[in-house]
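Working through the structure, step by step
Spelled out from the first residue to the last, the chains are:
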Amino acid sequence: MKTSDNNMSRKDFIRNSALAMAGLTLIPNMMTASPFFNEKNISAKGKLSLKNVRLETGFEYDEEEVSATKTDLFYIEVENGKISKIAPNQPNAKAIDAKGLLMLPAFKDMHIHLDKTFYGDKWQAVRKRTGGVKGMIGLEQKMLPEMLKNSTFKAEKMIELLQSKGTSFARSHVNIEPTSKLQSLKNLQKALDNKKKSFGAELVAFPQHGVYYTDSVPYLEEAAKMDIDFIGGVDPFNIDGDIEKVIDFTVQLALDHKKGIDIHLHETGDSGLKTVEYLIKKVNENPSLKGKTYLSHCFILAKLEEAKQEEIAEKLAEAQVGIVSTIPFGRMIMPIPTLYKHNVTVLTGNDSIVDHWNTFGTGSVLQKANLMAQLYGYSTEFLLSRSLKLATGNILPLDDKGTQQWPKTGDKADFVLLNASCSAEAVSRISNVESLVHQGNVVF
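Thresholds applied
Every chain is numbered independently, its residues counted from 1 as its sequence is written. Thresholds applied to this predicted model are a pLDDT of at least 70 for local features of residues and 80 or more for the giving and counting of side-chain atom pairs; totals over whole chains, interfaces and linings are not thresholded and use all residues. The basis for every side-chain value is the complete set of non-hydrogen atoms in the structure, without hydrogens or water. What makes a patch is a set of residues exposed beyond 30% relative accessible area and free of salt bridges, joined within 9 Å when like-charged and within 5 Å when nonpolar (Val, Leu, Ile, Met, Phe, Trp, Tyr). Exposure was quantified through the Shrake-Rupley algorithm and a 1.4 Å probe, taking into account, for residues, occlusion by the shown protein chains and nothing else. Any Lys or Arg side-chain nitrogen located within 4 Å of an Asp or Glu carboxyl oxygen qualifies as a salt bridge. Working convention for charge: Lys and Arg count positive, Asp and Glu count negative, and His plus the chain ends are omitted. The atoms used to mark charge sites are NZ of Lys, CZ of Arg, CG of Asp and CD of Glu. By definition, any uninterrupted DSSP run of H or I lasting at least four residues is a helix, any uninterrupted run of E lasting at least two residues is a strand, and each is numbered from the N terminus. For each residue, the accessible area found with a 1.4 Å probe, counting protein chains only, is set against the maximum for its type, and the residue is called buried under 20%, exposed over 50%, and partly exposed in between. Nonpolar cores are built from buried Ala, Val, Leu, Ile, Met, Phe, Trp, Tyr and Cys residues. Side-chain atoms within 4.5 Å join them into one set. For the domain bounds, the source is a domain assignment made automatically or taken from a database. Only heavy atoms matter for contacts: two residues are in contact if any of them lie within 4.5 Å across the pair. To get an axis, a line is fitted to the C-alpha atoms, and for a helix only the part in contact is used. The angle between two axes follows their N-to-C directions and goes from 0 to 180 degrees. Oblique is the label for any angle not under 35 degrees, not over 145, and not in the 65 to 115 range, which are roughly parallel, roughly antiparallel and roughly perpendicular in turn. Handedness of a crossing is defined here by the sense of rotation of the near helix relative to the far one, left-handed for an anticlockwise turn of less than a right angle and right-handed for a clockwise turn. Paired strands are those between which DSSP finds at least two bridges. Pairs of N or O atoms within 3.5 Å make up the polar contacts considered here, provided that, within protein, one atom can donate a hydrogen while the other can accept it, and that residues adjacent in sequence are counted only when both atoms are side-chain atoms. Pairing of aromatic side chains here covers Phe, Tyr and the six-membered ring of Trp, requires ring centres within 6.5 Å, and sorts the geometry by plane angle: under 30 degrees stacked, over 60 edge-to-face, intermediate tilted. Whether a charge lies above a ring is judged from NZ of Lys or CZ of Arg, which has to be within 6 Å of the ring centre and within 35 degrees of the ring normal. Here a helix's expected span is defined as the number of its residues, less one, multiplied by 1.5 Å. The directions considered for the arc are those from the helix axis to the C-beta atoms.

A surface patch of negative charge is lined by Asp62, Glu63, Glu64 and Glu65. Within the secondary structure, Glu63 sits in the loop between β1 (48-62) and β2 (65-79). Overall, the relative accessible area of 75% leaves Glu63 in the exposed class.

Following this line, the structure appears as structure tokens:
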């Protein structure tokens, strides 16, 4: 729903209201994890002062190679959900003692399914798969009615897991199909509303069971009128048997309701490539979708010859179509360096965390950055520091020349404090998150 005065969505209104209030919220049962925080440190007006905060200040060089990252300690103030002051350290100030922990931009999980999980409930392993993706659709149709009974509770538990790993924002796909209809979306919206003071999200209306294979069209059209941000999709050829029909519907629905697009694409054959190329074509025909369109997984990129990878990466960049990769390993290594070379937006997420698709999700996008660095041999100080952007949604403390670009006064108070000397070490060692400050809200 939109407000009548400034076309702001209700979700944005709620978020901005929370920012204006700058309330400080304590997450239950996590207080002991960060003993340097306590209620005495937090003023009633929503102000927050921190001393002994470590920030990156530049690179050190050995000839032309980056050999280390320079850091220093600072004094920082937060007010009304924003960083209001960054000053030389004041070790004797009456402020929260960050004890030299490294401040980095808060993490963002840009591909996850918060609406369907076993997390927070009794343990269940993945069942033996039969019949491919359509077989899994049949399994979901049987399982979803029971899963929906407590999906709000489980979504809240998974949000708490993400927060414990330093994530303050997620893009969640949410099932829209004839089995759960709009109930999965409504249940997740309840969970997000309960967590809105400390966690932000954008939602993708996701036709997990196909657009036409199970006639999800009327439910997608209804969801598009609700408070969602993207129209989703999944394997238009393998599930629905018609690439153009599915993409045309998805594009038109997004245009009609001013939404973005985020399509799961697992297909690795000719149909996968045709889907990528047709989506690029449609985005170029509708420039308002540039910068708002993504392909999740997009495993076909890993199967292309190098020259074709370069060609598609260039086309993705020109159309401003991003890739949200879950960083597969083994023989399915994605050409992320090639995507970066052509300035394609690359994001990541945990995808599944203990559900009927996968049981190996950890909730940490910093681990995803670590895995990417391992896969591509990013072991130097410079490349490790650049790898951090995968976890932060492309925000880095230092630019490629070592100039400090984050944080600045006026930035949202959306950061993590890590047990690391610099971002390169954080990525390499997957350093523990000690605390999180998000939109004026303290989480620990």
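Ranked by size, the top nonpolar core spans 97 residues in total, and within it Val276, Leu295, Cys298, Leu301 and Leu316 carry the most contacts. Among the elements that make up this core, the one with the highest residue count is helix α7 (residues 243-257) (seven residues). When we break this core down by domain, the ones giving at least three residues each are domain 1 (39-100 + 395-442) and domain 2 (107-363). Excluding residues that lie within four positions of it along the chain, Cys298 makes contacts with Leu265, Val276, Ile323 and Met334.

As a further point, take the packing of helix α8 (residues 270-285) against helix α10 (residues 306-319). Following both chains from N to C, one finds α8 and α10 inclined at 25 degrees, their axes separated by 9 Å at the closest point. Taken together, the axes of α8 and α10 lie roughly parallel to each other. Our pair here, α8 against α10, has a crossing hand that is left-handed. Along its contact with α8, which presents Leu273, Val276, Glu277, Ile280, Val283 and Asn284, the element α10 presents Lys308, Ile312, Lys315, Leu316 and Ala319.

All right, on to the sheet that holds strand β11 (residues 293-297) then. Taken together, eight strands build an open sheet; the order of strands is β6-β7-β8-β9-β10-β11-β12-β13 and the sheet is parallel. Two strands bound the open sheet, and with one partner strand each, they are β6 (107-112) and β13 (346-348). When the angles between neighbouring strand axes are averaged without regard to direction, this sheet yields 25 degrees.

With respect to the helices, strands and loops of the structure, His264 is situated in strand β10 (residues 260-265). Given a relative accessible area of 3%, His264 falls into the buried group. Of note is the side chain of His264, whose polar atom sits 3.4 Å from the side chain of His113. Apart from the residues within four sequence positions on either side, His264 is in contact with His111, His113, His173, Phe206, Gly233, Val234, Asp235, Ser296 and His297.

Turning next to the packing of aromatic side chains. All told, the structure shown has five aromatic pairs when counted by the stated rule. Positioned above the aromatic ring of Tyr294 is the side chain of Arg171, whose terminal nitrogen or guanidinium carbon lies 4.2 Å from the ring centre. For the cation-ring pair, Lys245 lies above Tyr212, with the distance from its terminal atom to the ring centre recorded as 4.2 Å.

Turning to the pairing of β10, a few remarks are in order. Each regular strand shows side chains that alternate between the opposite faces of the sheet. Within β10, six of the six residues are buried, leaving the element largely enclosed by the surrounding structure. Residues Gly260, Asp262 and His264 point to one face of β10 and Ile261, Ile263 and Leu265 to the other, with burial holding for every one of them. Taken together, the five bridges between strand β9 (residues 230-234) and β10 define a ladder with parallel strand orientation. Counted as the bridge partner of Gly233 is Ile263 from β10. In the sheet, β10 pairs with β11 via five bridges, with the strands oriented parallel. Across the sheet, the residue bridging to Asp262 is Tyr294, located in β11.

With omega at 0 degrees, the peptide bond leading from Trp406 into Pro407 counts as cis. Locating Pro407 in the fold gives a position in the loop between α14 (389-392) and β14 (415-418). Even without being glycine, His297 reaches a positive phi, approximately 70 degrees. With a phi angle near 65 degrees, Asp351 is a residue other than glycine that sits in the positive phi range. You can see Asp351 is positioned in the loop between β13 and α12 (365-375). The class for Asp351 is buried, based on a relative accessible area of 17%.

For the rest of this paragraph, the subject is helix α4 (residues 183-194). The end-to-end C-alpha distance of α4 is 17 Å, a good match for the 16 Å that twelve residues give at a rise of 1.5 Å each. Every buried residue of α4 is listed here: Ser184, Leu185, Asn187, Leu188, Ala191 and Leu192. The buried residues of α4 occupy one face: seen down the axis, they fall within an arc of 165 degrees. Where α4 is buried, its residues meet α3 (151-164), β7 (167-175), β8 (200-206) and α5 (217-223).

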